[in-house]
Each structure stands twice: as C-alpha cells, then as structure tokens.
Amino acid sequence: MAITGLQNQPETIEAIPDFDASAQFYTYGFDWYEDRILWWMLHPTSGEKIVLWDYQGSKKGIPQHRTHYRMNFWHTNNWSVETNPLSLEKPLHPYELEVDWMSYEPFESDSNK
C-alpha cells in the first residue's frame, strides 16, 4: 500500500551534508498524539528539529492505548538513500544499534491540566 497525502509528510527531507549515522550519536525522537505521530531528529550542528515523518493517517496506525517502547532496525527493498538510488540490496553483514540514552516525557494536553 502506498503512503500518500497526510500519511506521507514530509514528502522529502533535505539532506544533511556529510551525515553518517555510524560516525556519531544523533538525537532522534517522536511526539505521540491521539491523531498523529511526529518522528524527528535534531540537526547535528544547528539543533533544529527536523521532521522525518509526520504521520496523520488512519488512527489504525496510531496507538490509542498505553504501549511498550520498542526499537528496531529494518531494511526495505524499495527505499534507497538519496545519494545512491541503487542502494536497495540487503546488508551483507549484521548491523548493531548503539543507544546512548533514552527518556520518556508524558504528553499533557490542555484537557489534562
């Protein structure tokens, strides 16, 4: 199923010069609302919040109840990196994900105050 419209925001993300996720730590996060999930990262030099995905599609894709925090690393055969459109092959070696820290801050809407 193709992700379109409000399910696919932003449609593009400006590349960060010399970005290498394996060379240093980056700060990633998400804001989980009842009607959307906003995935983001902090720009490594400016600290600006860069929106990676602002999912506003079907509520079937947005948990409506408490859940566990999970992390995963995945590969797809139809999403190449911007600088190498032929980078669709699966990894030849296992990869590891190193996490320096994680935190959780509950969202409080105006109705909760």
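You'll find the structure just up there.
Now for a description of the structure that goes with this document. (Residues numbered from 1 in each chain as written. Predicted model: local features only at pLDDT ≥ 70, side-chain atom pairs only at ≥ 80, totals over all residues. Heavy atoms only, no water.)

### Brief notes about the environment of isoleucine 13
Working step 1: The topology assignment puts isoleucine 13 in the segment before strand 1 (28–32).
Working step 2: With 38 residues separating them along the chain, isoleucine 13 and valine 51 place their C-alpha atoms 7.9 Å apart.
Working step 3: In contact with isoleucine 13, not counting residues within four places along its chain, are Ile50, Val51, Leu52 and Glu82. (Helix = DSSP H or I, 4+ residues; strand = E, 2+ residues; numbered from the N terminus. Contact = heavy atoms within 4.5 Å.)

### Details of the sheet that holds strand 3 (residues 49–55)
Working step 1: Strand order in the open sheet formed by three strands is 1-2-3, with antiparallel pairing between adjacent strands. What marks the edges here is a single partner per strand, and that holds for strand 1 and strand 3. Taken over all neighbouring pairs, the strand axes of this sheet differ in orientation by 25° on average, direction set aside.
Working step 2: The pairing of strand 2 (residues 37–42) with strand 3 spans six bridges and is antiparallel. What sits directly across from methionine 41, in strand 3, is isoleucine 50. (Pairing = 2+ DSSP bridges. Axes fitted to C-alpha atoms, helices over the stretch in contact; angles between N-to-C directions.)

### Digging into the pairing of strand 2
Working step 1: Bridge count between strand 1 and strand 2: five bridges; the pairing is antiparallel. Looking across to strand 2, one finds that aspartate 31 is bridged to leucine 38.
Working step 2: Hairpin connection between strand 1 and strand 2: a loop of four residues separates the two successive antiparallel strands.

### Describing the pattern of salt bridges
Working step 1: Evaluated as defined, the whole model comprises two salt bridges.
Working step 2: Aspartate 54 is paired through a salt bridge with arginine 36; the nearest N and O atoms lie 2.4 Å apart. Of the two residues, aspartate 54 is situated in strand 3 and arginine 36 in the loop between strand 1 and strand 2; the sequence distance between them amounts to 18 residues.
Working step 3: Take arginine 36: its relative accessible area is 27%, and that puts it in the partly exposed class. (Salt bridge = Lys/Arg side-chain N within 4 Å of Asp/Glu carboxyl O. Buried < 20%, exposed > 50% of the residue type's maximum accessible area, 1.4 Å probe, protein only.)

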